[in-house]
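Read off the chains here:
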Protein chains: 2
Amino acid sequence: MPETEAPRGTPTIREVADAAGVSRATVSRAFSRPELLKPSTVEHVQAIAGRLGYTPNVAARALSTGRYATLALVVPDIANPFFPPLVRGAQQAADQAGYCVFLGDSDESPAREDVLLGRFAGQVEGIVSASSRLAAQVVRRHADRRPVVLVNRDIKGIPRVLIDTASGITAAVAHLAELGHRRIAYVSGPQTSWSNQQRRRAIQRASSASGLELVTVAARRPTYDSGVARVLDLLASGVTGVVAFDDVVAQGILAGLATAGVSVPDQLSVIGCDDVVAATTSPPLTTVSARTDEAGRFAVELLLRVLGSSDVRDARYVLDTRLIVRATTGPAAKIASRSANRTTSGGGRAMQAGRKIFGS
Amino acid sequence: MPETEAPRGTPTIREVADAAGVSRATVSRAFSRPELLKPSTVEHVQAIAGRLGYTPNVAARALSTGRYATLALVVPDIANPFFPPLVRGAQQAADQAGYCVFLGDSDESPAREDVLLGRFAGQVEGIVSASSRLAAQVVRRHADRRPVVLVNRDIKGIPRVLIDTASGITAAVAHLAELGHRRIAYVSGPQTSWSNQQRRRAIQRASSASGLELVTVAARRPTYDSGVARVLDLLASGVTGVVAFDDVVAQGILAGLATAGVSVPDQLSVIGCDDVVAATTSPPLTTVSARTDEAGRFAVELLLRVLGSSDVRDARYVLDTRLIVRATTGPAAKIASRSANRTTSGGGRAMQAGRKIFGS
DNA sequence: TCCGTGCACGCAACCGGTTGCAGGCCCTGG
DNA sequence: CCAGGGCCTGCAACCGGTTGCGTGCACGGA
């Protein structure tokens, strides 16, 4: 008895077609290519569809067109405050274009990242991989299957958006040199991180250019605790200024220093990177600012452009950075050491409101 | 001339079938229901498929089975540090089950959340909505189309995971009362937030139970800047203790107080909520701890259970919370007010390391 | 030797849209 | 009045797996 057709949860194109008295093709066109139809027909079909609560089935559409209207975003650690703004920016850009975004968290593991990219490749139009920890060759293999856009990873032939912290780092070193520092430290991040390599190189170059001695301390994972744990090494190293891989590490260092009774910036100057929590530390952190939200947005827009016309092959966007001087940098310690730490905040420097901006 | 078949980018089931000398059905079964096939056949097909680099097309599979192997997670603001750990937990749980997760950021807007849920409904098996700002009726409408699990939103009939901050808040108020505070403030969060309502109610109840006067100050958006902006109101209100909607607001308050030269906890005690940045503030923030990562994980596991057997209708998981006393709470100000702010950190209380834990 | 039984696999319809192609209709120009 | 040309719309194949049903075959029992 096929007389009573059970109406599914959500109606299909056929039911709309029947209700509207047209063919399925017409319903389809009413949604995807309305300019091919008589305006009155479009209106009629849309009305019926609206009444029935019809929504095109994305799987069916994806199957026949290959357009998924989705893309994937892979990050090493969503809990690292560097990434949420980036995710947000990417999200908004994708949204405007009607795309949905998958999120993947590789947990800083290249192996997991590889798995994620492979899994996503089958169900998205393109992938944005931020701060990829993968070997270049592996990234290329994935990029070979699906369009990939990188953020903060510089691989020739793959479209990429780079936050050029080198300029900001250079300004940071100059800032320290100007304040009379002679011996400084770089607390490094993940070894497979392009950003880390870039920053390390920039600081080496800038230090030797300014005649500063440079000590490197490895933090590996860029976490708060990792920053805290580096403090003893830092104090033992006899430096008067520190540049940290990122703000999170810098924040950990600040906390460690506070616990150790070392006053910032009187006894030690600290500079962060990314400006991601910098305004909320105490004292407010001098840092290298990067518009991470823009990086996310750009990456998605670039990806969409690649999807549109595949001749954008070797794009390479560079976002510049600036040094933002807040309150964790001051004159080198030998100068400050004659006085104790009388004034903790705002002492000796006329720079609390109105942030001063250096940089390229 | 149909002799030269262009091999597509990724091979289809037909090509594998041809290469293996079996039917498409057999290839399909080799992947989805191998127990129906002779072991040698399975092995053979898998080998061929592996060599060709075959991957089942998810869109095609989704179309014929209705199983998408995806789910969506919607949050009001990924940049709010409350959510990244939750996202992470959700992500991991989904991953273990072979699901990919869409992320949506509603930007605290009910309208956008509505759009997101609608868009996701068509392409996922289920949805986790965290801290939904939607009207209950609207949520129900969505839940009617697709299984929905809520986090921190209590709607009867819809499976939900709740972080019971009431218990922690109650302990917080008791803690303040014990320290001699008589008049305290609650800095509230988003009005449509269930958590905010829950916290406000808990603090009202606890205050009157302890005989404390309660003042409420509205922060609306739970941001750092919003916290900073509430400081003048707080100082004008004549309270000696403050409970903030969340850690982010509390952090802003701390910063605002520092700028205003008010010492914490000597002149004013501050308590946060969620324990999400609390360990990184200065002084370290006394707060109500919630395992947000577990909430995310639970929500996904619950969703998967709903998908498995749809008889879990009215599940309601409650995660308890605890008060973690760090360094922003101390004796009521009238005691401290006789002396100015001589000792900024660690004065008057023997409680820096070894955190004390109260709670349900 | 013949038939019943069950395993392993193929056939073909189906999921729900999309799109090249063809055909009907109407309008215009000769 | 007829031919030609557009404009709309329908037909039907197709995207790539999945799955109910049926069949061929081997094997065991009578």
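Before any of the text, the structure's been laid out above.
Residues numbered from 1 in each chain as written. Chains lettered and ligands numbered in written order. Predicted model: local features only at pLDDT ≥ 70, side-chain atom pairs only at ≥ 80, totals over all residues. Heavy atoms only, no water.

**Let's talk about the overall build of chain A**
- The helix and strand tally for chain A stands at 14 helices and 13 strands.
- Each of the 360 residues in chain A was classed as buried or not, and the buried ones make up 51%.
- For chain A, the share of sequence-separated contacts (at least 6 apart) that also reach a separation of at least 24 residues comes to 70%. (Helix = DSSP H or I, 4+ residues; strand = E, 2+ residues; numbered from the N terminus. Buried < 20%, exposed > 50% of the residue type's maximum accessible area, 1.4 Å probe, protein only. Contact = heavy atoms within 4.5 Å.)

**As for the relation of the copies chain B and chain A**
- Least-squares fitting of chain B to chain A yields an RMSD of 0.3 Å, with the transformation described by 0.2 Å of translation along the axis and a rotation of 180 degrees. The transformation just described matches what one would write down for a two-fold rotation axis. In terms of proximity to the rotation axis, the leading residue of chain B is Phe102 of chain B, whose C-alpha is 2.0 Å off the axis.
- An overlap of 100% is found between the interface residues of chain B and their copies at the interface of chain A, pointing to a shared contact surface. (Least-squares fit on C-alpha atoms with pLDDT ≥ 70 in both.)

**What about the protein's contact with DNA strand D?**
- The local shell around DNA strand D holds 27 residues, among which Thr26 and Thr41 of chain A together with Ile13, Ser28 and Arg61 of chain B are the closest.
- Taking all atoms of DNA strand D within 4 Å of the protein, the share assigned to sugar and phosphate is 61%.
- At 2.2 Å, a side-chain N or O of Thr26 of chain A approaches a phosphate oxygen of DNA strand D.
- At five residues, the largest contribution of residues to the surface near DNA strand D is made by helix α4 (residues 58-65) of chain B.
- Looking at the surface near DNA strand D residue by residue, the class counts come to eleven nonpolar, ten polar and six charged. (Near = heavy atom within 4 Å. Polar contact = N/O pair within 3.5 Å; in protein donor to acceptor, adjacent residues only side chain to side chain. Nonpolar A, V, L, I, M, F, W, Y, C, P; charged D, E, K, R; others polar.)

**Things to note about the pattern of salt bridges**
- In this structure the tally under the stated criterion is 41 salt bridges over all chains.
- When the shortest N-O distance is used, the salt bridge between Asp107 of chain A and Arg221 of chain A registers 3.8 Å. Here the residue Asp107 of chain A occupies a position in the loop between β2 (100-105) and α6 (110-121), and Arg221 of chain A occupies one in the loop between β7 (213-218) and α10 (224-229), the gap between them amounting to 114 residues.
- You can call Asp107 of chain A partly exposed: its relative accessible area is 30%.
- We note a salt bridge from Asp274 of chain B to Arg199 of chain B, for which the minimum N-O separation is 3.0 Å. (Salt bridge = Lys/Arg side-chain N within 4 Å of Asp/Glu carboxyl O.)

**A word on the packing of aromatic side chains**
Residues and elements named next belong to chain B.
- The final tally for this structure, using the stated rule, is nine aromatic pairs over all chains.
- Between Phe82 and Phe83 the ring centres are 5.0 Å apart and the planes differ by 85 degrees, which places this aromatic pair in the edge-to-face class. Of the two residues examined, Phe82 and Phe83, each falls in the buried class.
- Between the aromatic rings of Phe102 and Phe120, the centroid separation amounts to 5.5 Å while the plane-to-plane angle is 35 degrees, which identifies the pairing as tilted. Of the two residues, Phe102 sits in strand β2 (residues 100-105) while Phe120 sits in helix α6 (residues 110-121), which places them 18 residues apart along the sequence.
- Owing to a relative accessible area of 1%, Phe102 belongs among the buried residues under this scheme. (Phe/Tyr/Trp six-rings, centres within 6.5 Å; stacked < 30°, edge-to-face > 60°.)

**Things to note about the pairing of strand β6 (residues 183-188) of chain B**
Residue and element names in this part refer to chain B.
- Buried residues dominate β6, accounting for five of its six residues.
- With six bridges connecting them, β6 and strand β7 (residues 213-218) associate as parallel partners. Within β7, the residue paired with Arg183 across the bridge is Glu213.
- Bridging between β6 and strand β8 (residues 241-244) involves four bridges; their strand directions are parallel. Note on β8: the bridge partner recorded for Tyr186 is Val243. (Pairing = 2+ DSSP bridges.)

**Focus: the interface of chain B and chain A**
- Across the boundary between the two partners, chain B contributes 39 residues, which contact 39 residues of chain A.
- Interface area for chain B against chain A, summed over the two sides, is near 3,200 Å², with a carbon-plus-sulfur share of 56%.
- The tally of links from chain B across to chain A stands at ten salt bridges.
- Asp77 of chain A is paired through a salt bridge with Arg88 of chain B; the nearest N and O atoms lie 3.0 Å apart.
- The tally of links from chain B across to chain A stands at 13 residue pairs in polar contact (both at pLDDT 80 or more).
- Counting only elements with at least two residues in the side of chain B that touches chain A, the list comes to α4, α5 (83-96), β2 and α6 of chain B.
- For the side of chain B that touches chain A, the residue count by class is 19 nonpolar, eleven polar and nine charged. (Buried area = accessible area lost by both parts, 1.4 Å probe.)

**Re the protein's contact with DNA strand C**
- The local shell around DNA strand C holds 26 residues, among which Ile13, Ser28 and Arg61 of chain A together with Thr26 and Thr41 of chain B are the closest.
- When atoms of DNA strand C within 4 Å of the protein are split into backbone and base, the sugar-phosphate part holds 65%.
- A distance of 2.9 Å is found between a base oxygen of DNA strand C and a side-chain nitrogen or oxygen belonging to Arg29 of chain B.
- Residue Lys38 of chain B places a main-chain N or O atom 2.8 Å away from a phosphate oxygen belonging to DNA strand C.

**Some thoughts on the nonpolar core**
- Residues Leu71, Leu73, Val128 and Val300 of chain A together with Leu73 and Val128 of chain B are the most contacted members of the largest nonpolar core, which totals 61 residues.
- It is helix α13 (residues 292-308) of chain A that contributes the most residues to this core, seven residues altogether.
- Apart from the residues within four sequence positions on either side, Val128 of chain B is in contact with Ala72, Leu73, Val74, Val149, Val151, Ala299, Val300 and Leu303 of chain B.
- Ranked by size, the runner-up nonpolar core spans 30 residues in total, among them Leu117 and Ile127 of chain A together with Val74 and Phe120 of chain B. (Core = buried A, V, L, I, M, F, W, Y, C linked by side-chain atoms within 4.5 Å.)

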